[in-house]
Amino acid sequence: MSVQNGPRILVVDEDRATARLLSNAGYIVDRAFSRWHALQSVRMDVPDLVMTDLQIEDWGGFNVVEGVQEVAPDVPVIIMTESGAMERAVEAIRRGAYCYLTRPFHRDQVLVSVERALAHRKARRVNFALRRDLEQRAGADSIIGRSAPMRALRALIASVAPLPTPVLITGESGTGKKLLARALHCGSARREQPFVSVNCAALPESLLDSELFGHACHAGVGATARHRGLFTEADGSTLFLENISEMSARLRMKLLKVLADGEVRPVGAETLRHVDVRVIAATLGNYQERGAADQLGTDPPLGAAAIQVALPPLRDRRDDIPDLVDWFVGRVRRRNPKARRVTPDLGRLAVHTWPGNVRELENLVERLVIVAAHDGLGIAEGESLSSELSTERPSQVAQGRLPTVRELEDTYIACVLSRCGGDETRAGRILGIDLSAIRSRESIRSVAS
């Protein structure tokens, strides 16, 4: 089986010469023979570069330039034209083309232009990724907490982040597994590349296979065009697999083979592609217990060589609650300077069981700050956060049962109703719901009273 690697270029031209030249130079080349076909191809599977004949279909190259700008603005377009059409080539540059080449082409001229265009795209993607991850990176670099477990975690991040070794993160829901994965990515040499992630529990097996490893045209997954897959997308970067325990045994074996060989084969394809991907995965609780229960085995999902990191639940790091509250309040107020500050009753928060962990605390703080921002709700400086916790049903927490969405909605509506002094009209206006919706929920009365 052959191994194919390198950037992918879409050539929109009836002449085969350019496509042949690029293929011989080691590029992966797709061809299109009309502007419609070209734009459909770009929509289904974005290439690294487009080269189009300007005169195709009566100057249809202009449509290709504009269409690519709309669908994939970071993909450069090189115009190919005759020497007598310089004015129109310049117009294509004005419309967003990267550069133009005039026929007849010299081999070195084509290859140099292609290399420069690809380097330009890579620089744009890196800059975009840096801007996109700026806020997320600030959070990832600020693993909040001064407790002993968090001090140990920061030391572990410093030692593990630079390594290419796969990492398996375990912990309860809401403990911050994705935040830790980002911290590991930002502490590595891959930090300038986009952080790529997928929730394995959100897709059925066939779609997850295609999403991770890609697929060829008509590969039996409902595909009408090739899809590169997240391993190819994350080449040179980090791929985070959330809820890896939901991945089937077959896909786990395929994943382990990619990790061992550094090669990925899309579904239905005959060629392999080299990839350099650092994989970080996360799973709820103890994977050995889950594996035994599902008869999937007890071996680590990323292999025995993977580094395992266990995130502590919030109830085991209660000393961090004040710092976490300050962080969440400050973040909301940075986004909305008009939001009012609230100060927690630390004693009340310290004894709460926090079944939802840090995410529960985050949602609590943000909800109260948002509620406090409404005029007339009466949350004054220094008012306790603990009143939100008074609506809990202790039996549910003790039994380990999480509340339903309906129960959470009832609790929140009751909180706002209580803040409004029982004024249903005012509460409905703040919540954006009708009075009938409030009055139809009988459980709210007992919660609010």
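A short tour of the structure in this document, coming up. Just so we're clear, the structure is a prediction, and the values are computed from it rather than from any experiment.

**Considering the overall build of the protein**
Across its full length, the protein carries 22 helices and 12 strands. A total of 449 residues make up the protein; the buried ones form 45% of that total. A separation of at least 24 residues holds for 68% of the contacts in the protein among residues at least 6 apart in sequence. For the protein, the accessible surface area stands at approximately 22,100 Å², while carbon and sulfur atoms represent 51% of it.

**Examining the packing of aromatic side chains**
All chains considered together, the criterion is met by two aromatic pairs. Geometrically, the ring pair formed by Phe195 and Phe240 is stacked, given 6.1 Å between the ring centres and 25 degrees between the ring planes. On the criterion of sequence distance, the pair formed by Phe195 in strand β7 (residues 195-199) and Phe240 in strand β8 (residues 238-242) is long-range, its members being 45 residues apart. Exposure class is identical for Phe195 and Phe240. Each is buried. Here Phe213 and Phe231 contribute two aromatic rings whose centre-to-centre distance is 5.5 Å and whose plane-to-plane angle is 5 degrees, an arrangement assigned as stacked. Linking Phe213 in helix α10 (residues 205-213) with Phe231 in helix α11 (residues 230-233), this pair joins segments that are 18 residues apart in sequence. Just as Phe213 is buried, Phe231 falls in that class too. The cationic tip of Arg88 hangs over the ring face of Trp59; the distance from NZ or CZ to the ring centre is 4.1 Å. Of note, Arg95 hangs over the ring of Phe62, and the distance from its end group to the ring centre comes to 4.3 Å.

**Some details on the nonpolar core**
What tends to happen in soluble globular proteins is that the nonpolar side chains get buried as a cluster. In terms of nonpolar packing, the biggest core is built from 24 residues, with Leu212, Phe231, Leu239, Leu241, Ile244 and Met247 touching the most fellow members. Only β7, α10, α11, β8, α12 (249-261) and β11 (278-284) provide two or more residues apiece to this core. The contact partners of Ile244, leaving out residues within four places of it in the chain, are Leu168, Cys200, Arg252, Leu255, Ala281, Ala282, Thr283, Pro301 and Leu302. With 19 residues, the next largest nonpolar core counts Leu39, Ala72, Val77 and Ala92 among its residues.

**Points about the packing of α10 against α12**
Axis separation between α10 and α12 bottoms out at 11 Å; the angle between their running directions is 10 degrees. Between α10 and α12, the crossing angle belongs to the class labelled roughly parallel. Counting all contacts with α10, which are made through Glu205, Leu208, Asp209 and Phe213, the residues of α12 involved are Arg250, Leu251, Lys254, Leu255 and Val258. For the contact of α10 with α12, the class distribution of residues is five nonpolar, no polar and four charged.

**Considering the sheet that holds β7**
Taken in spatial order, the five strands make up an open sheet running β7-β8-β11-β6-β12, and their pairing is parallel. Edge positions in the sheet fall to β7 and β12 (307-310), since each has one partner strand and no second. When the angles between neighbouring strand axes are averaged without regard to direction, this sheet yields 20 degrees. As defined by bridge partners, strand β6 (residues 167-171) adjoins β11 across five bridges and the pair is classed as parallel.

**Observations concerning helix α2 (residues 35-44)**
Listed in full, the buried residues belonging to α2 are Ala38, Leu39 and Val42. Take α2 and look down its axis: the buried residues cluster within an arc of 90 degrees, on one side only. Packing partners of the buried residues in α2 comprise β1 (8-12), β2 (28-32), β3 (49-53) and α4 (61-71).

**Here's the deal with the sheet that holds β3**
Across a sheet, paired strands are connected by hydrogen bonds in the backbone, their directions being either parallel or antiparallel. Strand order across the open sheet formed by five strands is β2-β1-β3-β4-β5, with parallel pairing between neighbours. Of all the strands in the sheet, the pair left with one neighbour each is β2 and β5 (99-102). For this sheet, the mean angle separating the axes of adjacent strands, direction not counted, is 20 degrees. Pairing of β3 with strand β4 (residues 77-81) involves four bridges; the strand directions are parallel. Within the sheet, the bridge partner assigned to Val50 lies in β4 and is Val77. Most of the contacts of helix α5 (residues 86-94) go to β5, to which it runs at about 160 degrees, and overall it touches β4 and β5.

**Comments concerning α12**
Three- or four-residue spacings in an α-helix give side chains the same orientation, since the helix completes a turn every 3.6 residues. Taking 1.5 Å of rise per residue, the 13 residues of α12 would be expected to cover 18 Å, and the 18 Å separating its terminal C-alpha atoms lies within 8% of that figure. Among the residues making up α12, those that are buried are Leu251, Arg252, Leu255 and Val258. Angularly, the buried residues of α12 cover 120 degrees about the axis, an arc narrow enough to put them on a single face. Across α12 from its buried face, at more than 90 degrees, point the exposed residues Met253, Lys257 and Ala260. In this structure, the buried side of α12 is in contact with α10, α11, β8 and β9 (263-264). Directly beyond the C-terminal end of α12, a positive phi value near 70 degrees is found at Gly262.

Cut-off values and rules
- Residues numbered from 1 in each chain as written.
- Predicted model: local features only at pLDDT ≥ 70, side-chain atom pairs only at ≥ 80, totals over all residues.
- Heavy atoms only, no water.
- Helix = DSSP H or I, 4+ residues; strand = E, 2+ residues; numbered from the N terminus.
- Buried < 20%, exposed > 50% of the residue type's maximum accessible area, 1.4 Å probe, protein only.
- Contact = heavy atoms within 4.5 Å.
- Areas by Shrake-Rupley, 256 points an atom, 1.4 Å probe, with all protein chains shown as cover.
- Phe/Tyr/Trp six-rings, centres within 6.5 Å; stacked < 30°, edge-to-face > 60°.
- Lys NZ or Arg CZ within 6 Å of the ring centre and 35° of its normal.
- Core = buried A, V, L, I, M, F, W, Y, C linked by side-chain atoms within 4.5 Å.
- Axes fitted to C-alpha atoms, helices over the stretch in contact; angles between N-to-C directions.
- Parallel < 35°, antiparallel > 145°, perpendicular 65-115°, else oblique.
- Nonpolar A, V, L, I, M, F, W, Y, C, P; charged D, E, K, R; others polar.
- Pairing = 2+ DSSP bridges.
- Arc of directions from axis to C-beta.
- Expected span 1.5 Å × (residues − 1).

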